[in-house]
Amino acid sequence: MTLDIARIRQDFPILNREVRPGVKVVYLDSTATSQKPLAVIEAMNDFYHRFNANIHRGVHTLAEEATAMYEQARVKIAKFINARNPHEIIYTRNTTESINLVAYTWARANLKSGDLVILTEMEHHSNLVPWHMLAAERGVQLEFIPVTENGLLDLETYKSLLARTPKLVSFTHMSNVLGTINPAAEIIKLAHDAGAITVVDGAQSVPHLKVDVHALDADFYAFSAHKMCGPTGIGALYGKSALLDAMPPFLGGGDMIKEVKLRSFRPNTVPAKFEAGTPAIAESVGFGAAVDYLTGIGMDKVAAHEHEITEYALERLEEIPGVKVFGPSADKKGGVASFTFDGVHPHDVAQILDRDGIAVRAGHHCAQPLHEKFGIPATTRASFYLYSTKDEVDKLVEGIYKVKKVFG
Amino acid sequence: MDDLYREVIIEHYKNPSYRGHLDPHDISFADNNPLCGDHIQIDLRVDESGKVTDARFDGHGCAISQASADLLVESVIGKSVEDVKKLNKQDILDMLGIELGPVRLKCALLSLKVLKAGVYGLCEASDELVE
Ligand SMILES: Cc1ncc(COP(=O)(O)O)c(C=O)c1O
């Protein structure tokens, strides 16, 4: 069974938007943030219409209902990635905050000067800078799994790095530039065999693939609602219970405490321990609705559809003289096509495409070291999701021919 | 429809007249636009009377950033440093002859920012230089 894309597109009101009179948006920027289905928009709307109250503290009906909705969403999210216990899901603002949470709590409690942290050359800045900051503060050593010419991780070098007994391996499950889907289970297994803890940046994998944190045996897994049909302002950190229980708290304040004295406090239990202050409540409801929406469609189907579109897009893009697409072949990647076009800067490509309503991203996509590795300052990135069509890929290709015309 | 990509911009982008370096130089400054990675370096020679006698730019980036650098460098040769300090956003837009949204404006103004940071002898270029 394949997806009925025409019907799915009706779920996303923004896809009917005209960016200029007569010019419909062709949204090819889902890797940056996905569009939101009506079900999500309405769930949040409904929350504000009927349920809005602060959670935890109140005994009144609205507060109880809001608290229940906040916790129900957590249960849905846990199930979606097959976490065994909803308490293993910590709400954060986004992937970035999830990774920082690990860096500020687990890492600062467990790593000391000289300890080794392994990252990869294809990381988003959000999985680089927190570790740079830790390295500067603690003298922790950083090493990087190299990226091959084809955009894959060099696992042989990884294995030799493991001989240096790292304490932590933190890597992206799917690259937001190359689209590469990394062999997460294998990377984690090897890390565990070497005695290291693992952090997985799941910002791109959770929206696009069926992710099972239990089967992967990941220790920490970070993702954002806004890239998976949910709202901005909320994300999650999955962590194994035993690790979360032993970690010091992150931010201090309300809700994260059991008891406060004038000169001391006792932290709350997980997950409240990591959720100080009033959280994004309506957004949690939207997050839950997004998970329901994707579950209803089936992540296997989402992935299969994106694969079909990506395969088609790579084929069509590579036909264009002067276009070079980065990353592995379609069977090893998700719905991302980052490319350069001879003699034309990605900014100009994106600007000219925008005239036809085609929304792509231009720049280093928060992965500057990766671009440096490939010797290019920037790429143009088209990315696909469950609502993307071959017709949109055709428009992209036509648009690139127009770019060619402008630049002669 | 091709407003942004007027022929003069494409021409200055593809065949810049002032791309290069000056060695020796009296002033040199470089900066980039962190959003898109555009990079511009500008070298100047200034004589005793404070007049710019020669100028070159180098770098990489979009057509708007590179064309505006070429046009700007061309325009400052022969000007006094004091006059260079007075250049502003509108001068660049007049040179380019286009209207720009906020994102692309940053591309267009990068070279002016670099130039002014250079002539003022600053350690770091700031957006206030090109308001
Ligand atoms: C691979 C990857 N990691 C991390 C992030 C950061 O996500 P967020 O901005 O939601 O924290 C992104 C988003 O661009 C991403 O693609």
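Higher on the page you've got the structure.
Student: Help me understand the overall build of chain A, please; the structure alone is not making it clear to me.
Tutor: Across its full length, chain A holds 15 helices and 17 strands. A compact globule built from 408 residues should have a C-alpha radius of gyration of about 22 Å, and chain A, at 22 Å, falls within 12% of that. By its C-alpha atoms, chain A is 70 × 55 × 40 Å across when sized along the principal axes. Buried residues in chain A amount to 57% of all 408 residues. Sequence-distant contacts in chain A: of pairs separated by 6 or more residues, those separated by 24 or more amount to 70%. Counting every atom, chain A has about 16,400 Å² of accessible surface; 53% of that belongs to carbon and sulfur.

Student: What is the right way to look at the interface of chain A and chain B in this model?
Tutor: Reports often express the size of an interface as the amount of accessible area lost when the parts come together. Counting residues at the interface gives 14 residues for chain A and 19 residues for chain B. Regarding the contact of chain A and chain B, the summed buried area is about 1,400 Å², with carbon and sulfur atoms giving 55% of it. It is His347, Arg355 and Phe407 of chain A in chain A that bury the most area against chain B; as a group they hold 38% of the surface buried on that side. The tally of links between chain A and chain B comes to 1 salt bridge. Note that Asp348 of chain A is salt-bridged to Arg104 of chain B, the shortest N-O span being 3.0 Å. Our enumeration of links across chain A and chain B arrives at 9 residue pairs in polar contact (both at pLDDT 80 or more). Those elements giving two or more residues to the side of chain A that touches chain B turn out to be α13 (346–354) and α15 (390–407) of chain A. Take the side of chain A that touches chain B: its biggest share by element is 4 residues, from α13 of chain A. When the residues that make up the side of chain A that touches chain B are grouped by side-chain class, the tally is 6 nonpolar, 6 polar and 2 charged.

Student: Would you take a moment to explain the packing of aromatic side chains for this structure?
Tutor: How two aromatic rings sit relative to each other is set out by the distance from centre to centre and by the angle between their planes. Residues and elements named next belong to chain A. One pass over the full model with this rule turns up 11 aromatic pairs over all chains. Centroid distance Phe12 to Tyr293: 5.7 Å. Interplanar angle 80°. Geometry classified as edge-to-face. You can see Phe12 sitting in the loop between α1 (5–10) and β1 (18–20) and its partner Tyr293 sitting in helix α11 (residues 281–297), a full 281 residues away along the chain. Within the aromatic cluster, the residues linked to one another by ring pairs are Phe12, Tyr293, Tyr385 and Tyr387. Lying over the aromatic face of Phe326, Lys324 brings its terminal NZ or CZ to 4.5 Å of the ring centre.

Student: Help me out: how do you make sense of the side chain of His345 of chain A in this one?
Tutor: Inspection of the secondary structure assignment puts His345 of chain A in the loop between β14 (336–341) and α13. Within the structure, His345 of chain A has its side chain in polar contact with the backbone nitrogen of His347 of chain A (distance 3.0 Å). Apart from residues no more than four positions distant in its own chain, His345 of chain A is found in contact with Ala378 of chain A together with Tyr13, Cys36, Asp38, Gly61 and Cys62 of chain B.

Student: How do you make sense of empty space enclosed by the protein when you look at a structure like this?
Tutor: It is the rolling of a water-molecule-sized probe over the atoms that shows where space remains empty. Residue and element names in this part refer to chain A. Summed over all chains, the structure comprises 1 cavity of 30 Å³ or more. A volume near 40 Å³ is recorded for the largest cavity. Considering the residues around the largest cavity, the lining is formed by Val177, Leu178, Phe326, Leu370, His371, Phe374, Ile376 and Thr379. Grouping the amino acids of the lining of the largest cavity by side-chain chemistry returns 6 nonpolar, 2 polar and no charged.

Student: Looking at this model, I keep getting lost on the site of the ligand. Mind explaining?
Tutor: Residues and elements named next belong to chain A. Not every one of the 14 residues close to the ligand is listed here, only the nearest: Thr96, Asp201, Gln204, Ser224 and Lys227. At 2.5 Å from a nitrogen atom of the ligand is found a side-chain nitrogen or oxygen belonging to Asp201. Gln204 is positioned with one of its side-chain polar atoms (N or O) 2.7 Å from an oxygen atom of the ligand. Here the ligand occupies the largest pocket. Counted by class, the shell around the ligand contains 2 nonpolar, 10 polar and 2 charged residues.

Student: Mind showing me how you'd approach the layout of surface pockets here?
Tutor: All names here are of chain A. If you add up the space inside the largest pocket, you get close to 990 Å³. The wall of the largest pocket is formed by 42 residues, among which Asp29, Ala32, Val360, Arg361 and Ala362 lie closest to the centre. Here the element with the most residues in the lining of the largest pocket is α13; it accounts for 4 residues. Residues lining the lining of the largest pocket come from more than one domain, with at least three contributed by each of domain 1 (5–30 + 298–406) and domain 2 (41–296).

Student: In this structure, what is going on with unusual backbone geometry? I would like to understand it.
Tutor: Note: most residues except glycine have negative phi, and most peptide bonds are trans. All names here are of chain A. In this model, Val270 is joined to Pro271 through a cis peptide bond whose omega is 5°. Considering the arrangement of structural elements, one finds Pro271 in the loop between β12 (264–267) and α11. Unusually for a residue other than glycine, Cys229 sits at a positive phi of about 80°. The exposure class assigned to Cys229 is buried, which follows from its relative accessible area of 0%.

Student: I keep staring at the sheet that holds strand β2 (residues 39–46) of chain B and nothing clicks. Help me out?
Tutor: Across a sheet, paired strands are connected by hydrogen bonds in the backbone, their directions being either parallel or antiparallel. Residues and elements named next belong to chain B. Spatial strand order, β1-β2-β3: 3 strands in an open sheet with antiparallel pairing. Sheet topology places β1 (27–32) and β3 (52–60) at the edges, where each strand pairs with a single neighbour. Shown here is a sheet whose adjacent strand axes are inclined to one another by a mean of 15°, direction ignored. The strands touched by helix α2 (residues 63–76) are β2 and β3; relative to β3, the strand with the most contacts, the crossing angle is about 170°. Strands in contact with helix α5 (residues 102–119) are β1 and β2; relative to β1, the strand with the most contacts, it is inclined by about 140°.

The rules behind the values
- Residues numbered from 1 in each chain as written.
- Chains lettered and ligands numbered in written order.
- Predicted model: local features only at pLDDT ≥ 70, side-chain atom pairs only at ≥ 80, totals over all residues.
- Heavy atoms only, no water.
- Helix = DSSP H or I, 4+ residues; strand = E, 2+ residues; numbered from the N terminus.
- Rg over C-alpha atoms; globule rule 2.2 N^0.38 Å.
- Buried < 20%, exposed > 50% of the residue type's maximum accessible area, 1.4 Å probe, protein only.
- Contact = heavy atoms within 4.5 Å.
- Areas by Shrake-Rupley, 256 points an atom, 1.4 Å probe, with all protein chains shown as cover.
- Buried area = accessible area lost by both parts, 1.4 Å probe.
- Salt bridge = Lys/Arg side-chain N within 4 Å of Asp/Glu carboxyl O.
- Polar contact = N/O pair within 3.5 Å; in protein donor to acceptor, adjacent residues only side chain to side chain.
- Nonpolar A, V, L, I, M, F, W, Y, C, P; charged D, E, K, R; others polar.
- Phe/Tyr/Trp six-rings, centres within 6.5 Å; stacked < 30°, edge-to-face > 60°.
- Lys NZ or Arg CZ within 6 Å of the ring centre and 35° of its normal.
- 1 Å grid on protein atoms, 1.4 Å probe; cavity = no way out; pocket = protein on both sides within 12 Å on 5 of 7 lines; lining within 4 Å.
- Points joined across faces, edges and corners; volume = space filled by probe spheres on them.
- Near = heavy atom within 4 Å.
- Sits in = over half its atoms within 2 Å of the grid points.
- Domains from an automatic or database assignment.
- Pairing = 2+ DSSP bridges.
- Axes fitted to C-alpha atoms, helices over the stretch in contact; angles between N-to-C directions.

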